[in-house]
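Per-entry structural report
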Amino acid sequence: MAIIIQFCGGTGTVTGSMHLLTIDRTKILIDVGLFQGHRDAFYSVNSQFPFSPADVDCCIISHAHIDHCGNFPTLVKQGFRSKAYLTPSTRDLCKYILPDSGYIQEEDIKYVNKINKRRGLPARYPLYNQKDAQNALKFLRPLEYHRRMSLSKGIDLTFYNAGHILGSSIPTIDIHTNKGVTRIAYAVDLGRPNLPYLKNPEIPKGVDYLFIESTYGARVHSHIDTVEDRLSKVVNRTVRRGGKIIIPSFALERAQEVLFFLSRLLRQKRIKDIPIYLDSPLAVNITKVFQNSWQYFDKDTQELFKKQLSPLEHKNITYITNVNQSKRLNDRSGPMIIISASGTCENGRILHHLKNNIENPYNTILVVGYMPRDTLGRRIVEGRPMVNIFGRPYQSRAEIVVLDAFSAHADKHDLIRYIKECRGKLKRVFVVHGEPEQSDELRKKIKSLDIRVTIPRKNQEIYLSA
Ligand SMILES: [Zn+2]
Ligand SMILES: [Zn+2]
């Protein structure tokens with residue numbers, strides 16, 4: 001039996017995860033993520049697949065982050081007509097994440113085409129629009145954790161919990177041959193123990209080939225237990241000044257995590273009784289999915305839900321979707337907390353809140369996520385005295401605080417611990433989903449454990465022995 005894996009995306013970088021597994025004639029695509037980069041690269045990389053989408057027999061989506069699921073509508077647009085398996089929560093999240101991605105592209109292309117028209121250049125088109133994304137949803141097939149699904153004769157799929165975000169999974173593929181079973185597990189992305197409300201990452205037994213992420217292959221996170229203390233200090237300090245706390249946040253997972261901690265601090269009376277606004281239609285919809293998925297959370301959180309004490313609700317928390325309501329926040333005086341998207345401050349309503357609040361030294365901009373290079377968020381974190389918002393310069397006079405303990409990714413120690421736990425039958429580890437220096441550090445560490453390890457190149461094909 002021939003087993004070939006082709007690493008089509010998410011190698012040498014953290015975005016655009018996509019891997020094609022061919023077992024004899026069966027083609028299984030694991031993840032179909034969006035590659036995120038500058039506009040031209042974004043459109044050229046994401047519009048071309050190194051295989052024919054119509055020939056793919058089935059697709060597996062590990063979780064609802066856009067770098068793992070976000071190019072699925074393009075796959076469908078280019079001819080994929082089969083089933084895409086994912087956990088029920090990932091399916092529920094994709095219903096909002098994928099059309100939102102279509103909307104962002106439509107808006108981006110509108111802006112580009114305005115400029116192109118002035119320059120006499122031809123019009124451009126989005127990879128997919130909201131309608132394409134809606135159409136793609138009908139190919140999604142939910143599969144519960146730990147339930148076996150036959151993908152083809154002798155090939156089964158089981159999802160284990162990755163403990164990374166709601167619905168995240170470690171898709172595990174069992175290939176039955178006359179020699180026994182060959183097991184491939186895909187821990188991309190992998191969470192870390194003790195994250196709020198999530199169950200800890202699971203370890204599938206008897207893994208032969210392990211895919212592992214390396215976003216933080218060379219880094220160690222601050223402990224998640226320190227978040228509440230640090231968060232309460234920042235909030236109380238700003239409240240004493242009468243200022244507003246502006247929190248740019250990713251709509252999926254980080255916004256809910258921040259709400260989780262804030263509502264707990266309110267209940268414990270560790271922060272003052274101030275209003276909290278979640279101002280992002282996408283984050284509000286996603287929070288509703290979280291509320292309806294409580295059975296997938298850890299035991300403590302399930303207990304809270306059973307007692308009707310949702311950690312995502314509190315009398316002080318208001319969800320805002322309406323634009324006028326969002327604008328009215330500007331007329332209200334502090335103290336208050338506003339959580340808004342996008343997390344990198346590149347688009348969305350957060351730009352309005354930053355523009356209105358960044359020049360006031362009584363306010364705080366609280367950074368709770370990673371700010372990539374060349375984003376407004378990064379410029380704010382770097383402490384530049386002036387930043388451009390909507391093409392106009394603003395003085396950055398608010399207090400800037402970075403809370404770096406929030407990561408949902410395993411760090412260097414977590415990754416190594418995880419690999420050691422998988423050891424038993426392990427034949428080889430593939431290190432993906434990382435910047436080169438992060439992947440390489442992890443590779444060296446795995447090699448020192450006497451485990452065969454490879455950092456694949458983009459589009460490299462590797463034969464696996466059954
Ligand atoms: Zn992820
Ligand atoms: Zn990822």
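Residues numbered from 1 in each chain as written. Chains lettered and ligands numbered in written order. Predicted model: local features only at pLDDT ≥ 70, side-chain atom pairs only at ≥ 80, totals over all residues.

1. Examining the overall build of the protein
- When helices and strands are counted, the protein shows 14 helices and 22 strands.
- Against the 2.2 N^0.38 benchmark of 23 Å for 466 residues, the protein shows a C-alpha radius of gyration of 22 Å, consistent with a compact globule.
- Reported as C-alpha extents along the three principal axes, the dimensions of the protein are approximately 70 × 60 × 40 Å.
- Among the 466 residues that make up the protein, the fraction classed as buried is 47%.
- In the protein, the proportion of contacts linking residues at least 24 apart, taken out of those at least 6 apart, comes to 74%. (Helix = DSSP H or I, 4+ residues; strand = E, 2+ residues; numbered from the N terminus. Rg over C-alpha atoms; globule rule 2.2 N^0.38 Å. Buried ≥ 20, exposed ≤ 12 C-beta atoms within 10 Å, placed from the backbone. Contact = placed C-beta atoms within 7 Å.)

2. Quick look at the nonpolar core
- If you look at the biggest cluster of nonpolar residues, it comprises 126 residues, and the most contacted ones within it are Cys 59, Ala 187, Leu 210 and Ile 212.
- Two domains share this core, each providing at least three of its residues, namely domain 1 (3-219 + 408-464) and domain 2 (224-406). (Core = buried A, V, L, I, M, F, W, Y, C linked by C-beta atoms within 7 Å. Domains from an automatic or database assignment.)

3. Focus: the domain arrangement of the protein
- Under the domain assignment, the protein is made up of domain 1 (3-219 + 408-464) and domain 2 (224-406).
- Domain 1 and domain 2 are separated by 29 Å when their C-alpha centres are compared.
- Contacts between the two partners involve 18 residues from domain 1 and, on the opposite side, 18 residues from domain 2.
- Of the residues in the side of domain 1 that touches domain 2, the class split is 12 nonpolar, three polar and three charged. (Nonpolar A, V, L, I, M, F, W, Y, C, P; charged D, E, K, R; others polar.)

4. Notes on the sheet that holds strand β15 (residues 336-340)
- Reading across from one edge, β14-β13-β15-β12-β16-β19 is the order of the six strands in this open sheet, with parallel pairing throughout. The sheet is open, and its two edges are formed by β14 (317-320) and β19 (399-402), each paired on a single side. Sheet twist, expressed as the mean angle between neighbouring strand axes with direction ignored, is 20°.
- Bridge count for strand β16 (residues 364-367) against β19 is four bridges, and the pairing is parallel. (Pairing = 2+ DSSP bridges. Axes fitted to C-alpha atoms, helices over the stretch in contact; angles between N-to-C directions.)

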